[in-house]
Number of protein chains: 2
Amino acid sequence: LADNFADRLLKAIRSKQTPTCIGIDPVYNRLPAEIAEQRDMNDEMDAESALDATLEFCRRIIRIVAPYVPVVKINSAYFERYYWEGVEGYYELVQEAAERDMIVIGDCKRADIGHSAEMYARAHLADPDFSNLDDFVGPDAVTVNPYFGLDGVKPFIDIARNDGKGIFVLVRTSNESGATIQDLAGADGMRFCEAVARLVAEWARDEGLVGSAGYSCVGAVVGAKDRETTMKLRAMMPQSIFLVPGYGAQGAGATDVAQCFKSDGTGALVTASRSVIYAYEDTKYLEMYASEWEKCVEQACKDFVADLAKVVTVA
Amino acid sequence: LADNFADRLLKAIRSKQTPTCIGIDPVYNRLPAEIAEQRDMNDEMDAESALDATLEFCRRIIRIVAPYVPVVKINSAYFERYYWEGVEGYYELVQEAAERDMIVIGDCKRADIGHSAEMYARAHLADPDFSNLDDFVGPDAVTVNPYFGLDGVKPFIDIARNDGKGIFVLVRTSNESGATIQDLAGADGMRFCEAVARLVAEWARDEGLVGSAGYSCVGAVVGAKDRETTMKLRAMMPQSIFLVPGYGAQGAGATDVAQCFKSDGTGALVTASRSVIYAYEDTKYLEMYASEWEKCVEQACKDFVADLAKVVTVA
């Protein structure tokens, strides 16, 4: 039997001594000049050229951050944008990160009903069951959307249980308009995101999902917006690890995300994306390393880890 | 300026005289023997073989139903399951259906925030902006998930407005566990799906979205579960065309979906998937056509159209 995902994740966090994750969401027109000006990568209007540049950037990002952080989150949208070749590139990056012993989260936010959800789960979470793809691994975990209720996530949960994989259910997202849905008041006094949290807590404690550390392979995406809600959600989903987006570019800082953790320093994984992968656009890093973009990214990654260490200590 | 999607859809419905759509969600082990037993298509464990069989089946389904129904809905999950080659096949089917003058709905149920949502919208709804893909069209419309609020759907709406495309926002899904989320009672007495419907109605009436027939390119997915709710949702979203799943295999019949239409016979598009595309498994059709699977599908498609014509008349 495969090791429980939560146990694997906690082990990876301990080994790097930081509960952090770098989010990869590459946009062509923000790529470093060194890459985007290469002869076969300098045409944004040619899908192959733009994709090649994008993948080169992502591979180098993965190599830069791998020594410092235990987890990388790859957002599928930025690769689907390049059609099927982009999708192939997405899976190549999953392999690249897995080969560097990182835990890989496929940020694909999928959900559907019945058989369709099963197909998404096989495509995005399972290791391939095809003979011609048998040296190939799926991501360790994926993000899923709760709108369909349990039907939509059950096939993902089944794979997570059997294959040592994980899911993070969207509970509270970091974007502003998320509130128009997720903060709607319920008749029972709970906001809608709290009702979703209650369901996630129920799903998370199902048989075979909770690892030896008491955490489930069913986690939750919780944007650190206001502390009160974060604390409430933390208490409502005691067995779920929180995947916390919004650090850095989206405005959340270390003290904002601190409430996502339990008092023992476990229970959350904090993601920074743009503030790290585009650090070479930031005057702070430009002044230190000028056009050496990889050094900027490395430093921003180390700063992110150090910043979070001020509020959370990994036991 | 491109014609409004709702106007285009209504025109297509009028031209075929039926507000119906065939949903394509192919599973290898249900394919007709004639296809699955072909030498290079008979290995379910080989992604290429299984995909080739699946695509051959889908192409033939599209050709069979094209004379009878105005719209085809292709569920992305069943193609993503075959990784990047499956995704290429998905887009090929979009072209195939578009060439037969069908309206194509990409059933991809995507959503994300900000830039990520924009990438999904470009990948799944827009016609490609790449020079090497310029003879290639995106679907006419896609399904989107509302969980992120307006941020998650805005990029899709912008493309819909500018390019004559459409979206169908998930409001009430046909699966059972959808109720645990969508039927949650709100403090204002509205259920959650009604709160989403209110938002959709607001989004739908935005500038530049409503066509000459009074319908918006922002539609809604509304499963015909109970009539009361359907009528309520119909009244709440007067400018949205409903995409109604669940006909046939999922249990809804013509009288169940009738409330999705306005009294003038407009306002909804009813989808049948498994009951039509797998009609050759149904003894009713087997008795008529034995192993001639294409005739079974054709007859089931005609029966679906005739069945719906009993409760809705296209003006």
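Residues numbered from 1 in each chain as written. Chains lettered and ligands numbered in written order. Predicted model: local features only at pLDDT ≥ 70, side-chain atom pairs only at ≥ 80, totals over all residues. Heavy atoms only, no water.

Participant: Explain the overall build of chain A here, please?
Facilitator: The secondary structure content of chain A amounts to 14 helices and eight strands. Rg of the C-alpha trace for chain A: 19 Å, near the compact-globule value of 20 Å for 315 residues, within the 12% margin. If one aligns the C-alpha atoms of chain A with their principal axes, the spans along those axes are about 60 × 45 × 40 Å. With 315 residues in all, chain A has 62% of them scored as buried. Across chain A, the fraction of contacts at a sequence separation of at least 24, relative to all contacts at a separation of at least 6, is 72%. Surface exposure of chain A reaches about 11300 Å², of which carbon and sulfur atoms provide 47%. Between the averaged position of the 32 positive side-chain charges in chain A and that of its 49 negative side-chain charges there is a distance of 6 Å. (Helix = DSSP H or I, 4+ residues; strand = E, 2+ residues; numbered from the N terminus. Rg over C-alpha atoms; globule rule 2.2 N^0.38 Å. Buried < 20%, exposed > 50% of the residue type's maximum accessible area, 1.4 Å probe, protein only. Contact = heavy atoms within 4.5 Å. Areas by Shrake-Rupley, 256 points an atom, 1.4 Å probe, with all protein chains shown as cover. Lys, Arg positive; Asp, Glu negative; His and termini not counted. Charge placed at Lys NZ, Arg CZ, Asp CG, Glu CD.)

Participant: How do you make sense of the relation of the copies chain B and chain A when you look at a structure like this?
Facilitator: Both copies of the chain are placed relative to one another by a rotation about an axis and a shift along it. Superposing chain B onto chain A takes a rotation of 180 degrees plus a shift of 0.0 Å along the axis, which leaves an RMSD of 0.0 Å. The superposition operator between the copies reduces to a two-fold rotation axis. Both copies share a contact surface, since 99% of the interface residues of chain B are interface residues in chain A too. (Least-squares fit on C-alpha atoms with pLDDT ≥ 70 in both.)

Participant: Even after reading the chapter, I still don't get the pairing of strand β5 (residues 166-172) of chain A, so can you show me in this structure?
Facilitator: If a strand is regular, its side chains alternate between the two faces of the sheet. All names here are of chain A. Of all the seven residues making up β5, seven are buried; the element is thus mostly covered by neighbouring parts of the structure. In this sheet, β5 lies alongside strand β4 (residues 141-144) in parallel orientation, the contact comprising four bridges. Bridge pairing in β5 links alanine 141 to glycine 166. One ladder, built from five bridges, connects β5 with strand β6 (residues 218-222); its direction is parallel. Across the sheet, residue valine 169 finds its bridge partner in β6, namely alanine 220. (Pairing = 2+ DSSP bridges.)

Participant: What is the right way to look at the side chain of serine 116 of chain B in this model?
Facilitator: Its location among the elements puts serine 116 of chain B in helix α6 (residues 114-124). Within the structure, serine 116 of chain B has its side chain in polar contact with the side chain of asparagine 75 of chain A (distance 3.3 Å). If we ignore the near neighbours within four places in the chain, the residues touching serine 116 of chain B are Asn75, Ala77 and Tyr78 of chain A. (Polar contact = N/O pair within 3.5 Å; in protein donor to acceptor, adjacent residues only side chain to side chain.)

Participant: Mind showing me how you'd approach the sheet that holds β6 of chain A here?
Facilitator: Across a sheet, strands are paired by hydrogen bonds formed along the backbone, either parallel or antiparallel in direction. All names here are of chain A. Pairing is parallel around the closed barrel formed by eight strands, whose spatial order is β1-β2-β3-β4-β5-β6-β7-β8. Each strand of the sheet is rotated relative to its neighbour by a mean of 30 degrees, with strand direction disregarded. The pairing of β6 with strand β7 (residues 242-247) spans two bridges and is parallel. Residue pairing in the sheet places alanine 220 in a bridge with phenylalanine 242 of β7. Its contacts with the sheet place helix α5 (residues 83-99) against β2 (71-75) and β3 (103-110), and it is angled at close to 150 degrees to β3. (Axes fitted to C-alpha atoms, helices over the stretch in contact; angles between N-to-C directions.)

Participant: Just to check I follow, could you spell out the packing of aromatic side chains for this structure?
Facilitator: Describing an aromatic ring pair means giving the distance of the ring centres and the angle of the ring planes. This model, assessed by the stated rule, comprises 37 aromatic pairs over all chains. Seen from their ring centres, tyrosine 247 of chain A and phenylalanine 304 of chain A are 4.9 Å apart, and the 45 degrees between their planes marks the pair as tilted. Of this pair, tyrosine 247 of chain A sits in strand β7 while phenylalanine 304 of chain A sits in helix α14 (residues 293-309); the two residues are 57 residues apart in sequence, bridging distant segments of the chain. This pair shows no difference in class: tyrosine 247 of chain A is buried, exactly as phenylalanine 304 of chain A is. Members of the aromatic cluster, connected to one another through ring pairs, are Phe79, Tyr90, Tyr91, Phe130 and Phe136 of chain A together with Tyr82, Tyr83 and Trp84 of chain B. Its end group placed over the ring of tyrosine 82 of chain A, arginine 81 of chain A keeps NZ or CZ at 5.4 Å from the ring centre. We note arginine 234 of chain B situated over the ring of phenylalanine 242 of chain B; from NZ or CZ to the ring centre the distance is 4.0 Å. (Phe/Tyr/Trp six-rings, centres within 6.5 Å; stacked < 30°, edge-to-face > 60°. Lys NZ or Arg CZ within 6 Å of the ring centre and 35° of its normal.)

Participant: When you look at the pattern of salt bridges in this model, what are you seeing that I'm missing?
Facilitator: Pairs may arise between side chains of opposite charge once their charged atoms sit close together. Tallied over the entire structure, the rule returns 60 salt bridges over all chains. Arginine 191 of chain A is paired through a salt bridge with aspartate 183 of chain A; the nearest N and O atoms lie 3.9 Å apart. You can call arginine 191 of chain A partly exposed: its relative accessible area is 21%. Among the salt bridges present, the one from arginine 122 of chain B reaches aspartate 129 of chain B, with a minimum N-O distance of 3.9 Å. According to the relative accessible area criterion, arginine 122 of chain B is partly exposed, its value standing at 26%. (Salt bridge = Lys/Arg side-chain N within 4 Å of Asp/Glu carboxyl O.)

Participant: Help me understand the sheet that holds strand β5 (residues 166-172) of chain B in this model?
Facilitator: Residue and element names in this part refer to chain B. Pairing in this closed barrel of eight strands is parallel, and the strands run β1-β2-β3-β4-β5-β6-β7-β8 around the ring. The average undirected angle you get between the axes of adjacent strands in this sheet is 30 degrees. The strands touched by helix α1 (residues 5-16) within the sheet are β2 (71-75), β3 (103-110), β4 (141-144), β5 and β8 (268-272), with β3 carrying the most contacts at an inclination of about 130 degrees.

Participant: For this particular structure, what's the right way to read the pairing of strand β6 (residues 218-222) of chain B?
Facilitator: Residue and element names in this part refer to chain B. The element β6 is extensively covered by neighbouring structure, given that five of its five residues are classed as buried. Residues Val218, Ala220 and Val222 point to one face of β6 and Gly219 and Val221 to the other, with burial holding for every one of them. Note on the crossover from β6 through helix α10 (residues 227-236) to strand β7 (residues 242-247): the handedness is right-handed. (Right-handed = clockwise from strand over helix to strand, strands pointing away.)

Participant: Explanation requested: the packing of helix α6 (residues 114-124) of chain A against helix α7 (residues 150-163) of chain A in the structure shown.
Facilitator: Helix-helix packing: each pair is described by the crossing angle between the helix axes and the interaxial distance. Residues and elements named next belong to chain A. Contact pair α6 / α7: the axes reach a minimum separation of 8 Å and the direction vectors enclose 40 degrees. Crossing angle aside, the handedness with which α6 passes α7 is right-handed. For the pair α6 and α7, the contacting residues are Gly114, Ala117, Glu118, Tyr120, Ala121 and Arg122 in the first and Asp151, Gly152, Pro155, Phe156 and Ile159 in the second. Each residue belonging to the contact of α6 with α7 can be placed in one class, and the counts come to six nonpolar, two polar and three charged. (Left-handed = near helix turned anticlockwise from the far one by under 90°. Nonpolar A, V, L, I, M, F, W, Y, C, P; charged D, E, K, R; others polar.)

Participant: Honestly, the interface of chain B and chain A in this entry has me stumped. Any pointers?
Facilitator: As a measure of interface size, the accessible area lost when the parts come together is often cited. In this complex, chain B contributes 70 residues to the contact, which on the side of chain A involves 69 residues. Carbon and sulfur atoms make up 61% of the area that chain B and chain A hide from each other, which totals about 6000 Å². Our count for the contact surface shared by chain B and chain A stands at six salt bridges. At the boundary of chain B and chain A, one finds 41 residue pairs in polar contact (both at pLDDT 80 or more). Per-element tally for the side of chain B that touches chain A: the top contributor is α6 of chain B, with seven residues. In the side of chain B that touches chain A, the residues fall into 36 nonpolar, 18 polar and 16 charged. (Buried area = accessible area lost by both parts, 1.4 Å probe.)

Limitation: the analysis is restricted to geometry and does not speak to function.
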